[in-house]
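For reference, the chains in residue letters:
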Amino acid sequence: MTDIILRTINLTKRYKNRLAVDHLNIEVRRGEIFGFLGPNGAGKSTTIRMILHLIFPTEGDVEIFGASMKEAGHRALERVGAVVEKPAFYGHLSALRNMEILGGLQKPVTRPRIMNYLERVGLTDRASDPVKTYSHGMNQRLGLALILLKEPQLIILDEPTTGLDPQGMKEVRELILELSRERGVTVLLSSHLLYEVEMIATQMAIIHHGKLRVGGSVQDLLKKGPSEVLIKTDRPAEAMQFLKTNESYRSARIHSDGGINVELDQDRIPELNRQLVNAGFNVNALVPQRSLENYFLNLIEGHEGADNP
Amino acid sequence: MIHLIWFEMIKTFTRWRTYIGFIAFGIIVPMVVIGLKLGGQNSFKRSLLSLLQNDFIIGGNVLNGWFFGFFFMGALWVHVPIVLTIVAGDQIAGEGNAGTFRFLLTHSVSRTRIIAAKFIVTLIYTAVMVLFIGGLTIGLSLWAFGGGDLLVIRKGILVIQETRLPYLFLMAYGLATLAMFVVSSLCFLFSAFTDNPIGPIIATMAVIIVSIIIISLPFDLFQSVRPYLFVNYFDAWQKVFDDPVPWDIIRMNIIILAGFMITFFLAAVVYFSRKDILS
């Protein structure tokens, strides 16, 4: 049995003269949390809609659990649960009714099961209220409950934390991690929030102008290129002078918040700390600045230049 | 499939807009009946007498409940499509507008089955609406004006015995329901083209109005296209009150109306099955 749960093969979507997705090839393996990144308009949602049979590709195919979407069509989605963009429900119906209808399309679901999942996302008290009275966050949680009800093996989430408050975002992240760890569910997570992907994804792909720019493990991608460290000391000006005397820290510069930024591989942070302490500085913090955000922005900016000469 | 139809029934019959037509006709029909009872009936009597009294001796209760039931049928069939399109136009476009297709179509259920379930519920709503109007008009008319034989003035004057009337009205409403199925099917097709539920309503009414104008104008060009317009067969229900009843023509009208309905449905299925869901 193949380990690849989802594969796009030269997936392409053209709208008249605009190429929204250009021969995209990605693979998502069993148990992965796959971050699908890209700026707004990069082609993420179009790709996800093609994977979910909402949009028909101009060219290429999608394979889910080994089944070709071209051949199997909607049947390929049997073990897939998805929330695409903002969850939308029948506003005049209650959460319970919405779950009965949208969760019972393939096979009927019982009310105790529905209540169980509504409890899981904290909506039991509002289960009988019309969904039109729900906040955006509650709609997101209802969308997640609907996915859980289906007990899928592959979950596809398109910008799942958009519009949520910090607590709500944290809860969604924890839920994704829990599903991955405890149930072995594979997750494809589309987001433009890089830190979100950085926090939970194991693999990722970056798409821009419809093309795959880079893909691989998040840890590997984080190691690529130079990284920075933010130093917080009691005497930044003197620390700055001290660092400039060392050839390794020539790139040091004062940060706007009073800290010092220096280009440095993360495995050399302990050495930097030791040198500062030995020189008599109180080191309040050493914060690695290397993140997907920098990497992502560098990558996108680089390609902006390449795409628009 | 049954559970898909049941879900569509829940969605449709729990919306208040579904009841706009019932409320509208539930107010208009009793108002007209009361108006007729409070004097309007006399103007009918004067018109009828001026038309017939030189040649016929009129006796008995001619302006009875059956007569006004027949009158309502003729007067209302142009207005019924307006209320039908409110629901039919929303069936597909409403889901697109709300964004609910993003959940509905990401399951292992074919679009054809979902569309078929929606179409069946649209037909159920249409039948319920037409039969509600029929029951209300005939029921109220009989209650207000009593029974009697029906005087039909169509290709001559015909008096139909009261004992045959329930059966004939049932057949007439069956044919009227089929004609309204075609209207709902057309609106359903337009609903597949857009995510705006208002568009199908306007488009359907535009088609009906233009078609009625075409079949009403006595120009050769317009008359030659008449057989291809579905509104040409809207008055099929009236034929059951002819003597003898032209069964062959009625059968042909049923086939043509059913053909229009199936064509519109299949066109909706074909289009929607390949439609990109962008909403």
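Residues numbered from 1 in each chain as written. Chains lettered and ligands numbered in written order. Predicted model: local features only at pLDDT ≥ 70, side-chain atom pairs only at ≥ 80, totals over all residues.

**Things to note about the overall build of chain B**
Then step 1. Looking only at helices and strands, chain B has 11 helices and 2 strands in total.
Then step 2. Counted from the first residue to the last, chain B has its helices and strands arranged as α-α-α-α-α-α-α-β-β-α-α-α-α.
Then step 3. Projected onto its principal axes, the C-alpha positions of chain B cover 70 × 45 × 30 Å.
Then step 4. For chain B, the proportion of its 279 residues judged to be buried stands at 38%.
Then step 5. Contacts in chain B between residues far apart in sequence, at least 24 positions, make up 78% of those at least 6 positions apart. (Helix = DSSP H or I, 4+ residues; strand = E, 2+ residues; numbered from the N terminus. Buried ≥ 20, exposed ≤ 12 C-beta atoms within 10 Å, placed from the backbone. Contact = placed C-beta atoms within 7 Å.)

**Considering the overall build of chain A**
Then step 1. A count of helices and strands for chain A gives 11 helices and 14 strands.
Then step 2. Reported as C-alpha extents along the three principal axes, the dimensions of chain A are approximately 70 × 50 × 40 Å.
Then step 3. Residue burial in chain A is summarised as follows: out of 309 residues, 39% are buried.
Then step 4. At a minimum sequence separation of 6, the contacts of chain A that also span at least 24 residues come to 69%.

**Some thoughts on the sheet that holds strand 14 (residues 283-288) of chain A**
Strands belonging to one sheet form pairs held by backbone hydrogen bonds; the direction of such a pair is parallel or antiparallel.
All names here are of chain A.
Then step 1. If you walk across this open sheet you meet the 4 strands as 12-13-11-14, and the pairing is antiparallel. On the outer flanks of this sheet lie strand 12 (253-254) and strand 14, each paired with one strand and no other.
Then step 2. In this fold helix 9 (residues 236-244) packs onto strand 11 (228-233), strand 12 and strand 13 (260-263), with an angle of close to 20 degrees to the strand it touches most, strand 13. (Pairing = 2+ DSSP bridges. Axes fitted to C-alpha atoms, helices over the stretch in contact; angles between N-to-C directions.)

**A word on the packing of helix 7 (residues 111-145) of chain B against helix 8 (residues 165-193) of chain B**
Residue and element names in this part refer to chain B.
Then step 1. Interhelical geometry of helix 7 versus helix 8 gives an angle of 140 degrees and a closest axis separation of 9 Å. Comparing their axes, helix 8 and helix 7 come out oblique. Here helix 7 and helix 8 pass one another in a crossing that is right-handed. Residue-level inspection shows Phe119, Thr122, Leu123, Thr126, Ala127, Val130, Leu131, Gly134 and Ile138 of helix 7 in contact with helix 8, the latter providing Phe169, Tyr173, Ala176, Thr177, Met180, Phe181, Ser184 and Phe188.
Then step 2. Here the residues of the contact of helix 7 with helix 8 sort into 12 nonpolar, 5 polar and no charged. (Parallel < 35°, antiparallel > 145°, perpendicular 65-115°, else oblique. Left-handed = near helix turned anticlockwise from the far one by under 90°. Nonpolar A, V, L, I, M, F, W, Y, C, P; charged D, E, K, R; others polar.)

**Here we look at the interface of chain B and chain A**
Then step 1. Across the boundary between the two partners, chain B contributes 21 residues, which contact 27 residues of chain A.
Then step 2. Broken down by secondary-structure element, the contributors of at least two residues to the side of chain B that touches chain A are helix 1 (2-13) and helix 6 (101-104) of chain B.
Then step 3. The biggest single contributor to the side of chain B that touches chain A is helix 1 of chain B, with 4 residues.
Then step 4. Here the side of chain B that touches chain A is built from residues that sort into 8 nonpolar, 8 polar and 5 charged.

**Some points on the nonpolar core**
Then step 1. With 145 residues, the main nonpolar core has A:Ala145, A:Ile156, A:Val187, A:Leu189, B:Ala176 and B:Ala179 as its most contacted residues.
Then step 2. With 18 residues, helix 8 of chain B is the largest single contributor of residues to this core.
Then step 3. Once residues lying within four places of it in the same chain are set aside, the contact partners of B:Ala179 are B:Tyr233, B:Phe234, B:Ala236 and B:Leu257.
Then step 4. In terms of nonpolar packing, the next biggest core, distinct from the first, is built from 9 residues, A:Ile231, A:Leu243, A:Tyr249 and A:Leu264 among them. (Core = buried A, V, L, I, M, F, W, Y, C linked by C-beta atoms within 7 Å.)

**Focus: the sheet that holds strand 2 (residues 18-29) of chain A**
All names here are of chain A.
Then step 1. Taken together, the 4 strands give an open sheet; going across it, the order is 2-1-4-5, and neighbouring strands pair in antiparallel fashion. Looking at which strands have only one partner, the edges of the open sheet turn out to be strand 2 and strand 5 (67-68).
Then step 2. Pairing of strand 4 (residues 59-64) with strand 5 involves 2 bridges; the strand directions are antiparallel. Residue Glu63 lies in a different strand from strand 5, and its bridge partner there is Ser68.

**Description of helix 3 (residues 95-103) of chain A**
Then step 1. For helix 3 of chain A, the buried fraction is high: 8 of the 9 residues fall into the buried class.
Then step 2. Burial in helix 3 of chain A covers these residues: A:Ala95, A:Arg97, A:Asn98, A:Met99, A:Glu100, A:Ile101, A:Leu102 and A:Gly103.
Then step 3. Tucked into the core, helix 3 of chain A has its buried residues touching helix 4 (111-120) and helix 5 (136-150) of chain A together with helix 1 and helix 6 of chain B.

**Thoughts on the domain arrangement of chain A**
Then step 1. The domain boundaries assigned to chain A delineate domain 1 (4-222) and domain 2 (227-289).
Then step 2. With centres defined by C-alpha atoms, the gap from domain 1 of chain A to domain 2 of chain A works out at 41 Å. (Domains from an automatic or database assignment.)

**Here's the deal with helix 9 (residues 198-216) of chain B**
Residues and elements named next belong to chain B.
Then step 1. Over its 19 residues, helix 9 extends 27 Å from the first C-alpha to the last, a length consistent with the 27 Å expected when each residue adds 1.5 Å.
Then step 2. Restricting attention to buried positions, one finds in helix 9 the residues Pro200, Ile201, Thr204 and Ile208. One side of helix 9 carries all its buried residues, which in axial view fall inside an arc of 105 degrees. Facing away from the buried side of helix 9 by over 90 degrees, the exposed positions are Ala206, Val210 and Ile213.
Then step 3. Those residues of helix 9 that are buried lie in contact with helix 4 (80-88), helix 5 (90-98) and helix 8. (Expected span 1.5 Å × (residues − 1). Arc of directions from axis to C-beta.)

**Thoughts on the pairing of strand 9 (residues 203-208) of chain A**
Along any regular strand the residues' side chains alternate between the sheet's two faces.
Residue and element names in this part refer to chain A.
Then step 1. In terms of burial, strand 9 is a largely internal element, 6 of the 6 residues being buried.
Then step 2. Pairing analysis gives 4 bridges linking strand 3 (residues 33-37) to strand 9, with the strands arranged parallel. Bridge pairing in strand 9 places Leu37 opposite Ile206.
Then step 3. In this sheet, strand 10 (residues 211-217) lies alongside strand 9 in antiparallel orientation, the contact comprising 6 bridges. In the sheet register, His208 faces strand 10, and the bridge partner there is Lys211.
Then step 4. Counting the residues between successive antiparallel strands, the hairpin from strand 9 to strand 10 contains 2 residues, one of them, His209, with a positive phi of roughly 50 degrees.

**Regarding the confidence of the model for chain B**
Then step 1. Counting all residues, the mean pLDDT for chain B is 85, and 92% of those residues have values of 70 or more.
Then step 2. Among the scores for the predicted complex, ipTM is 0.73 and pTM is 0.80. (pLDDT = per-residue confidence, 0-100.)

**Remarks on the confidence of the model for chain A**
All names here are of chain A.
Then step 1. Taken residue by residue, chain A gives an average pLDDT of 82. The fraction at 70 or more is 91%.
Then step 2. Helix 1 (residues 44-51) holds the highest mean pLDDT among the elements of chain A, 91, whereas helix 11 (residues 292-307) holds the lowest, 59.
Then step 3. Below pLDDT 50 for its whole length, residues 305-309 participates in 1 contact with residues either more than four positions away or in separate chains.

**Structural notes on the pairing of strand 3 of chain A**
All names here are of chain A.
Then step 1. In terms of residue burial, strand 3 counts as a mostly covered element, since 5 of its 5 residues are buried.
Then step 2. Bridge count for strand 3 against strand 8 (residues 186-191) is 5 bridges, and the pairing is parallel. Bridge pairing in strand 8 links Phe36 to Ser190.

**So, unusual backbone geometry**
Residues and elements named next belong to chain A.
Then step 1. Backbone geometry at Phe65 places phi at a positive 50 degrees, although glycine is not the residue there.
Then step 2. Inspection of the secondary structure assignment puts Phe65 in the loop between strand 4 and strand 5.
Then step 3. For Phe65, a count of 19 C-beta atoms within 10 Å corresponds to the partly exposed category.
Then step 4. Here the phi dihedral of His209 falls at roughly 50 degrees; this positive angle occurs in a residue that is not glycine.

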